[in-house]
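Coordinate inspection notes
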Amino acid sequence: MGLFEAILFSVMTAATPLVLAAIGELVVERSGVLNLGVEGMMIMGAVVAFAGAQLSGSAFVGVLCGLLAGAAFSLLFGFLTLTLVANQVATGLALTILGLGLSGMIGERFIGLPGVRLPVLNVPGLSDVPIVGRVLFGQDLLFYLSIALVVGVAWFLFRTRAGLKLRAIGDNHGSAHALGVPVIRTRYLAVLFGGACAGLAGAHLSLVYTPQWVENMSAGRGWIALALVVFASWRPWRLLAGAYLFGAVSIGQLHAQALGIGIPSQFMSMLPYLATILVLVLISMDRRLTLINRPASLAQPFVPER
Amino acid sequence: MQASATSEGDRLLALQELTKTFGSLRACDGVDLDIRPGEIHALLGENGAGKSTLVKMLFGVLAPDGGEIRWKGSPVAITSPFEARQLGIGMVFQHFSLFEALTVAENIALSLDETVSIARIADEARSLSQAYGLPLDPFAHVADLSVGERQRIEIVRTLLQKPELIILDEPTSVLTPQEADRLFETLETLRGEGKSILYISHRLDEVRRICDRATVLRHGKVVAACDPRAETVASLAGLMVGGEVATVTNSPNAGTDQALLEVAHLSLPSRSPFAVTLRDIDLTVRRGEVLAIAGVAGNGQSELFDALSGEVLAGTPDVIRIGGAAVGQKGITQRRLLGAGFVPEERHGHGAVSQMRLSDNMVLARHRSDAGTFLAGGILKVLKRGAIAKAAARVVDAMDVRKSGDDPHASALSGGNLQKFIVGRELDRKPVLLVVNQPTWGVDAGAASRIRQALVDLARSGSAVLVISQDLDEIFEVAHRIAVIHHGRLSAPEPAASMSRERIGLLMGGAAPDGASPGPGEAADAH
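Residues numbered from 1 in each chain as written. Chains lettered and ligands numbered in written order. Predicted model: local features only at pLDDT ≥ 70, side-chain atom pairs only at ≥ 80, totals over all residues. Heavy atoms only, no water.

**As for the overall build of chain A**
- Of the regular secondary structure elements, chain A holds 13 helices and two strands.
- Relative to a compact globule of 306 residues, whose C-alpha radius of gyration would be 19 Å, chain A shows 19 Å and is just as compact.
- Taking contacts inside chain A between residues at least 6 apart in sequence as the whole, the part at least 24 apart equals 76%.
- Computed over 17 positive and 11 negative side-chain charges, the inter-centroid distance for chain A is 12 Å. (Helix = DSSP H or I, 4+ residues; strand = E, 2+ residues; numbered from the N terminus. Rg over C-alpha atoms; globule rule 2.2 N^0.38 Å. Contact = heavy atoms within 4.5 Å. Lys, Arg positive; Asp, Glu negative; His and termini not counted. Charge placed at Lys NZ, Arg CZ, Asp CG, Glu CD.)

This is the structure in structure tokens:
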């Protein structure tokens, strides 16, 4: 593998957990719910996926465990904010803190153990194409899944009636309720989907990115995923582009550090986060973009009038 | 329809003893109502009389506490809007239940059968909208449409469900007279097809014009059922409020030469994709006169109001003058200190903070202009609760604001009563200039006539009053001079006495003011 190909490959790997977590959160936010607990769900997915793979010996079982862990954790969020109508921002933050703590406890006995890596699945014929072959077709299950999810979500949101209902709920939950669209049920499903996706993102971290368990290994990626949703102005394809851009920035800074460029390494490590802030500022300057796409009832509590 | 006397077969819908209580308030108290096939039935009543509650129960949004709903003779329980639509009841809401970020076709699709594709819905919507004279582009985003167009979506959406009973809540409040005429034609076509319509409106002349029967609610009870054509506007209004409605008495234009508000060549670019650009607006309001600005919603009224109140600053100081002082670059507070008062369109969140008490809302608006009365302790600016409560009580008294409790939250008042309070709060200062936007939007007849009278009286006492309104009845009641706003341009004001409804309607629709005689002292805008 040439250097360029290696860099491209690592960009894809760095971006995949962001794509997975962000596409889930995009659906959640499109339904009008703001779940700030992505980081917590992701780290729970990471630790449970690692444990599942260790105990069963199969990385695929690990992926399934990560998915279920993220979904279960998001169900807690859904129960608190949708059924008990707790504040979404506070609940999401609590979920993150709880997830970071709980994952540390669960993962204590797994620290330092060699991980089970998710095997590479080569697409016959295509994975041998020069330069892009391995990058696009010599990847693992989660990479293919992340792309499929973006395509699927884009199709679901803008081509199906169920997706239309979900967007309608996000735009105006009162009117949607008056039209007989099941607001709470749809939001529960969206939150569960978001949790499952965050769990998969976590599984990618502990089974592909660095196949071992390290405490706090999500390292703020859940927050970047949240920012990516805004960056993408709640549109799936822009989200994919944004995730690879951020992947490129984080990999680029590593290579720059390795080349010994005379900039403090701390500053280089800051780059992905600085880029997040910069992009958010730029995005919020285009008002029309936000007005048409931003779910108007985002983070607002819904209590049906009866 | 057969004339067979007591049979229930000739009733599409019959309500018996329908009751709904919220806490101690009986919003609907044993309401009886029946609707026959092929009739336009008016539901009248003041704000808070129980009309919306009743309609929400019919449409399955609220559950009744008692009584019975019979549909085509058999009792039904309507527990959701979906069931209401299944039965054949459609509803056009007053505050549109549209999704701004979605397209017209998507909005319509949400209330239809899932198996129909969006493309087919778009086709059907287009042909239906043409058949009923309600032109619509199915692929436009709702956020980009005017209020009149949004109402068309609601109507087309309802029609596509092929309902037998259509409930219309205040349908004409946002339309030009011509648009309203077109709506009436649509309604008459529907009646001809045997559909029934429950028509809720504050505009009594419309009710008399198109409705076959009327049911009047007051305090949640049916107080009268009548043939509106046999009544007069005054007698209908009397039934609604349970007494005579005072007619507004206006005196001829006592406008002197002293201009208290002067706007010269005011242009403002729109600040958001959905706002209107103001173009070269000229107007003068003199001491002692009421100038009214007519126009269909979304033609720059709110933008003009924001520019006049100082919520948005003009480019240069001297395009707006209040009492001679150039204020184009001054904020709301400085303009208020010059003696101006402002009443914005939205009551909740703009005119008043809903979650705060009336006295708090009093201070919020007047803590600078009445600092001497309301604040103590020098730079500490401690609130003088007693003085504030006294002022709030004075306003409540003067405007006959009906409320429960001593100092309730603004959200606890009905729309009309809160509006009376907000207008009264400004009048209490005896402003030299008052600018009001939609003073009686969604306000019942009694409160509306009170507010209009107060505006006229203020002008008579030597202030200048600028009223921005979509209600032509209101404009003719209060105005000495009338101008029309269309696409951010203002026509030259003309004396109210020489303005006809037809002429205003044409100007509202954007007809060039050719052959118009320029108002006194005003040059016609020739762009």
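**A few points about the interface of chain B and chain A**
- Across the boundary between the two partners, chain B contributes 34 residues, which contact 19 residues of chain A.
- For the pair chain B and chain A, the two sides together bury roughly 2,300 Å², of which 56% comes from carbon and sulfur.
- Counting the surface chain B buries against chain A, the share from its top three residues, Phe99, Leu110 and Glu114 of chain B, is 25%.
- If you look at where chain B meets chain A, you find one salt bridge.
- Residue Arg167 of chain A is joined to Glu106 of chain B by a salt bridge in which the shortest nitrogen-to-oxygen separation is 2.9 Å.
- Counting the contacts that link chain B with chain A gives six residue pairs in polar contact (both at pLDDT 80 or more).
- Listed by contribution, the elements that provide at least two residues to the side of chain B that touches chain A are α2 (81-87), α3 (104-109) and α4 (118-131) of chain B. (Buried area = accessible area lost by both parts, 1.4 Å probe. Salt bridge = Lys/Arg side-chain N within 4 Å of Asp/Glu carboxyl O. Polar contact = N/O pair within 3.5 Å; in protein donor to acceptor, adjacent residues only side chain to side chain.)

**Digging into unusual backbone geometry**
- Despite not being glycine, Ser233 of chain A shows a phi value in the positive range, around 45 degrees.
- With respect to the element layout, Ser233 of chain A can be found in the loop between α10 (221-231) and α11 (236-258).
- According to the relative accessible area criterion, Ser233 of chain A is buried, its value standing at 1%.
- The backbone phi angle of Gln438 of chain B is positive, close to 55 degrees, even though this residue is not glycine.
- Relative to the assigned elements, Gln438 of chain B resides in the loop between β19 (433-437) and α15 (445-460).
- Overall, the relative accessible area of 6% leaves Gln438 of chain B in the buried class. (Buried < 20%, exposed > 50% of the residue type's maximum accessible area, 1.4 Å probe, protein only.)

**A short note on the nonpolar core**
- Membership of the largest hydrophobic core comes to 72 residues, with the highest contact counts inside it found for Ile23, Val38, Leu142, Trp213, Leu228 and Leu239 of chain A.
- Residue assignment for this core shows that the elements contributing at least two residues are α1 (3-30), α2 (38-56), α3 (59-83), α6 (141-159), α9 (183-209), α10, α11 and α12 (265-285) of chain A.
- Broken down by element, this core gets its largest block of residues, 12 residues, from α1 of chain A.
- In this structure, Ile169 of chain A together with Leu98, Leu136 and Leu145 of chain B belong to the second largest nonpolar core, which totals 57 residues. (Core = buried A, V, L, I, M, F, W, Y, C linked by side-chain atoms within 4.5 Å.)

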